[in-house]
Number of protein chains: 2
Amino acid sequence: MKFELNKDLIAQIQDWVETENREALITFSTQVHWADIAEILDELHYDDAKFFFELLEEDIAADILKELEEDVRERLLSELSSKEIAEHLDNLDSDDAADVIAHLSEEQKEEVLSQVEDIDQASDIVDLLSYGEDTAGGLMAKELIHVYKSWSLLRCVREMRKQAEEVEHVYTIYVVDENEVLCGTMSLKRLLLSSERTLVSEIFNEKVISVKASTSKEDVAITMQKYDLVALPVVDELNRLIGRVTIDDAVDVLTEEAEKDYQMASGISENIESSDNVGVLTRARLPWLLIGLLGGILGAQIMGYFDIEKNAQLALFAPLIAAMGGNVGVQSSAIIVQGLAGNTLGHITLSKRLTKELFVALINGGVCSAIIFAVSFFMKDNLAFAQTISIALLCVIVFAALFGTLIPLSLNKYKIDPALATGPFITTANDVFGLCIYFYIAQWLLLT
Amino acid sequence: MKFELNKDLIAQIQDWVETENREALITFSTQVHWADIAEILDELHYDDAKFFFELLEEDIAADILKELEEDVRERLLSELSSKEIAEHLDNLDSDDAADVIAHLSEEQKEEVLSQVEDIDQASDIVDLLSYGEDTAGGLMAKELIHVYKSWSLLRCVREMRKQAEEVEHVYTIYVVDENEVLCGTMSLKRLLLSSERTLVSEIFNEKVISVKASTSKEDVAITMQKYDLVALPVVDELNRLIGRVTIDDAVDVLTEEAEKDYQMASGISENIESSDNVGVLTRARLPWLLIGLLGGILGAQIMGYFDIEKNAQLALFAPLIAAMGGNVGVQSSAIIVQGLAGNTLGHITLSKRLTKELFVALINGGVCSAIIFAVSFFMKDNLAFAQTISIALLCVIVFAALFGTLIPLSLNKYKIDPALATGPFITTANDVFGLCIYFYIAQWLLLT
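Residues numbered from 1 in each chain as written. Chains lettered and ligands numbered in written order. Predicted model: local features only at pLDDT ≥ 70, side-chain atom pairs only at ≥ 80, totals over all residues.

Trainee: Before we go on, may I ask you to explain the overall build of chain A in this structure?
Mentor: Helix and strand counts for chain A come out as 22 helices and six strands. Over its C-alpha atoms chain A spans a radius of gyration of 30 Å, topping by over 25% the 22 Å that the globule rule assigns to 448 residues. Its C-alpha atoms give chain A principal-axis dimensions of about 90 × 65 × 45 Å. Looking at chain A as a whole, 45% of its 448 residues qualify as buried. Of all intrachain contacts in chain A linking residues separated by at least 6 positions in sequence, the fraction that spans at least 24 positions is 70%. (Helix = DSSP H or I, 4+ residues; strand = E, 2+ residues; numbered from the N terminus. Rg over C-alpha atoms; globule rule 2.2 N^0.38 Å. Buried ≥ 20, exposed ≤ 12 C-beta atoms within 10 Å, placed from the backbone. Contact = placed C-beta atoms within 7 Å.)

Trainee: When you look at the sheet that holds strand E5 (residues 231–235) of chain A in this model, what are you seeing that I'm missing?
Mentor: Two pairing modes exist for strands in a sheet, parallel and antiparallel, and in both the strands are linked by backbone hydrogen bonds. Residues and elements named next belong to chain A. Judged by pairing direction, the sheet is mixed, and its three strands sit side by side in the order E4-E5-E6 without closing on themselves. Edge strands, defined here as strands with exactly one partner in the open sheet, are strand E4 (211–212) and strand E6 (241–246). Summarising the sheet, E5 and E6 pair through five bridges and their orientation is antiparallel. Looking at the pairing, Leu 232 lines up with Val 245 of E6. Running at roughly 135 degrees to E5, helix H15 (residues 217–226) makes contact with E4, E5 and E6 of the sheet. Across the sheet, helix H16 (residues 247–265) lies against E5 and E6, angled at about 60 degrees from E6, the strand it touches most. (Pairing = 2+ DSSP bridges. Axes fitted to C-alpha atoms, helices over the stretch in contact; angles between N-to-C directions.)

Trainee: Help me understand the relation of the copies chain B and chain A in this model?
Mentor: What connects the two chain copies is a rotation about an axis and a shift along it. Expressed as a screw operation, the relation of chain B to chain A combines 0.0 Å of axial shift with a rotation of 180 degrees, fitting to an RMSD of 0.1 Å. The two molecules are tied by a two-fold rotation axis, judged by turn and shift. For chain B, the residue whose C-alpha comes nearest the rotation axis is Pro 319 of chain B, separated from it by 2.2 Å. With an isologous cut-off of 70% or more, the 99% of interface residues of chain B that recur at the interface of chain A puts this contact in the isologous class. (Least-squares fit on C-alpha atoms with pLDDT ≥ 70 in both.)

Trainee: I'm lost on helix H7 (residues 82–90) of chain A in this one. Help?
Mentor: Residues three or four positions apart in an α-helix share a direction because the helix packs 3.6 residues into each turn. Residue and element names in this part refer to chain A. All buried positions along H7 are accounted for by Ile 85, Ala 86, His 88 and Leu 89. End-on, the buried residues of H7 take up no more than an arc of 160 degrees, which puts them together on one face. Where the residues of H7 are buried, they touch helix H5 (58–67), helix H6 (70–79), helix H8 (94–101), helix H9 (106–114) and helix H10 (119–129). (Arc of directions from axis to C-beta.)

Trainee: Any chance you could explain the interface of chain B and chain A here in plain terms?
Mentor: Contact residues are listed per partner, giving 93 residues for chain B and 92 residues for chain A. Counting residues per element, the side of chain B that touches chain A draws most heavily on helix H17 (residues 278–305) of chain B, at 16 residues. Considered class by class, the residues forming the side of chain B that touches chain A number 56 nonpolar, 23 polar and 14 charged. (Nonpolar A, V, L, I, M, F, W, Y, C, P; charged D, E, K, R; others polar.)

Trainee: How do you make sense of the pairing of E5 of chain A when you look at a structure like this?
Mentor: The side chains of a regular strand alternate between both faces of the sheet. Residues and elements named next belong to chain A. Summarising burial for E5: five of the five residues are buried, a large majority. Burial along E5 is two-sided: the residues Ala 231, Pro 233 and Val 235 and Leu 232 and Val 234 are all buried. Hairpin connection between E5 and E6: a loop of five residues separates the two successive antiparallel strands, and Asn 239 in this loop has a positive phi of roughly 65 degrees.

Trainee: Would you mind going over the packing of helix H4 (residues 46–55) of chain B against helix H6 (residues 70–79) of chain B with me for this structure?
Mentor: To describe two helices that pack against each other, one gives the angle between their axes and the distance between the axes. All names here are of chain B. Close contact between H4 and H6 brings their axes to 11 Å; oriented N to C, the two are set at 65 degrees. H6 is crossed by H4, and the crossing has right-handed handedness. Two secondary-structure elements touch here, H4 through Tyr 46, Ala 49, Lys 50 and Phe 53 and H6 through Val 72, Arg 75 and Leu 76. Taken together, the residues of the contact of H4 with H6 break down into five nonpolar, no polar and two charged. (Left-handed = near helix turned anticlockwise from the far one by under 90°.)

Trainee: Quick question: what am I supposed to make of the domain arrangement of chain A here?
Mentor: Frequently, the measure chosen for interface size is the accessible area that the parts lose on association. Residue and element names in this part refer to chain A. When the domains of chain A are assigned, the result is domain 1 (7–137), domain 2 (145–246) and domain 3 (278–446). Distance from the C-alpha centre of domain 1 to the C-alpha centre of domain 2: 30 Å. Every contact between the two is made by six residues of domain 1 and, on the other side, 11 residues of domain 2. Among the residues forming the side of domain 1 that touches domain 2, the class breakdown is two nonpolar, two polar and two charged. (Domains from an automatic or database assignment.)

Trainee: Can you walk me through the environment of Met 160 of chain A in this structure?
Mentor: Tracing the backbone shows Met 160 of chain A in helix H12 (residues 153–164). For the pair Met 160 of chain A and Val 398 of chain A, spaced 238 residues apart in sequence, the C-alpha separation works out to 63 Å. Not counting the four nearest positions on each side in its chain, Met 160 of chain A is found in contact with Ile 145 and Val 147 of chain A together with Leu 192 of chain B.

Trainee: So what exactly am I meant to see when it comes to the sheet that holds strand E5 (residues 231–235) of chain B here?
Mentor: Residues and elements named next belong to chain B. Taken together, the three strands give an open sheet; going across it, the order is E4-E5-E6, and neighbouring strands pair in mixed fashion. Looking at strand neighbours, the two that pair on one side only are strand E4 (211–212) and strand E6 (241–246), the edges of this open sheet. Sheet strands touched by helix H15 (residues 217–226): E4, E5 and E6. Its angle to E5, the strand with the most contacts, is close to 135 degrees. Strand contacts of helix H16 (residues 247–265): E5 and E6, with the helix running at about 60 degrees to E6, the strand carrying the most contacts.

Structure below.
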């Protein structure tokens, strides 16, 4: 059952589409997982993907719709009637259904929702659409199994059978009181191991971790990871159970966040993939290059103020000084950004953190300085020159380390994404400051 | 029940430890989740952590042991007797138990395992220890619920009750044939909704995604994420069911991988946290700085060959050229590395990929070149000079983009981690090549 997407498979599918070999496509679609079909559709030309999609069975078509890349999905939706979209929504969990139509216009949403057959499903979707996309409410599904504290296990099993028809995966059984307030959970294991006459209130577990609907999706994901949860109940302001987030959505949040931080650190401003078109790729990358360009121009100005023609050999090491400042700054800021993202920074004071960073910088800077002293002395046979460069390098490394530590911490304090501080921003800032420090020290040591 | 680790809480706990207020510590430990206690122990001084740990109830102590940071855990283990460690292992799932003792010496392992009371548990741990740490076998647990194809649901429930005593979370019920070969799964929902006389063979689902024990842990995690699985069965070479990987472990793999790539891109070579000591932090960062330093020295050599004193103003823009090459290279390589990690690169040919990258580079390079042409002409009022810089910048950007695309793809082809190509490596290489291109073009345009 091992599936691998490769050029041959894509070519095979394309061939079936071109020869309108419906039978082969349908047989194929019953043999692989819907996530695989979605991956294939994302790779095909749109018209081919549409042809294949229209052949799919209703229930897998819905799953595939939610899994497709956004641009493919939106194009498909724009060609489906409201009735057809409504039918797909009926086959999805409430959270996926809400995601599928989230980007439609208000008018279209209304029209589609009015045609959803299952009225409970329609009302669940309306509910879910009211929460912010980046909150627990926006992640959660309404489908869950809940039992009342006062029930016997016999009644539980009977009622759970009814509820289970709506719920694809039963992970946790939530226990609520008569006001729908979340009181705890009951494990399936306990249910399996206890007699039918036992009351829920006798065996349920009162320790339950829940989040409010307004909790940010990052906090939801970190909470689920920390406590090893596969489902996390979501409550309203009165602690009433209103939904649950499942681990698959939390995993996607964690991956997305990690990708975003990585892209920021690499100087890419939008969430892009290599398969995006040239326009998108250009737009995501140009802003950071312009920042770098501005830094370079400032650097040139700084060197211009300094009488470079008389001390041309100093210019030889300007790129080195600038680059080292950038490298050290990126290292320091990356450690902070990662600590903030994973909530693993620990609780030491700012001054202790800076002292530690200072030590690391002094050791690394010391080693690099010693090397550059030897190399530059060997190259130019000029002690003052070698001194200048090595002292400047040490200062630049220490400055960059402290600066790289402080900036993301400050941004985070003011609720700005600290990842902004990494990559081109910190590199460029350190390039400029590094050149300032270099030439200031040179002026002081060589020219006086 | 919202738990937040802050300085006040740590101070409070420290106070309780110092005043030997055992009662307060024990009460506190029953009120919060064990993952929270582990987080607190990681923050405390070792002796305080040890004092608190020894007060904990057996079953949570075991969970905490597996959750602690490695250095704290190893120190604790070194002070526990084999008997005590064995007792903790009895309270853990087999995979966690194997992880806890994985770093002990062979001799210690043997001694501990000989004292584990539950002989099945001991043999499971021995089994698990035989798999590579980075494979599905190393991630999986032996605890799972499995039923035979030939059973009735009545028998299933009876047998599952027995098995459930050993299994903390029942996610999926695996169906095997008389040779223990994995045949499919049965959903709890189907079990709840069907009559007791139904046979497993009538209602089980034959589509099941599984992995071999030797599958890499990255593939396990990506498979679970793609197919939205909370548990993934692991089979041996004869397709016999031997264990299952649960989503919490897969989530940790995904996070670890993302962190590793991020650290590589930031020039950090080991998996470090800001709470690590100065020695570890220094060691993880120095190698990349030395690469940068080497690049800078090479750059200085290149500039030295060129008669810099006669064209000192060219040197003003050397840091800019080097920095832009680095920035573009990082962007290009990051897109490839991320595509490879998430398996989202798509299936286009190398020449198509390079053509696309070339277009992006030409647009971004064109914009940057135009700006630098205007700025440098305005600064120096010298057309040839402005031409030189802008043409060189365009060439450097195009070169860096193609180089940044090719290197990670090549590394990946030879099974080397493509993330190695990001960060300081690509920046430094592009710094050097950038300066070469710059001065070569200058020589050609200005000096002939």
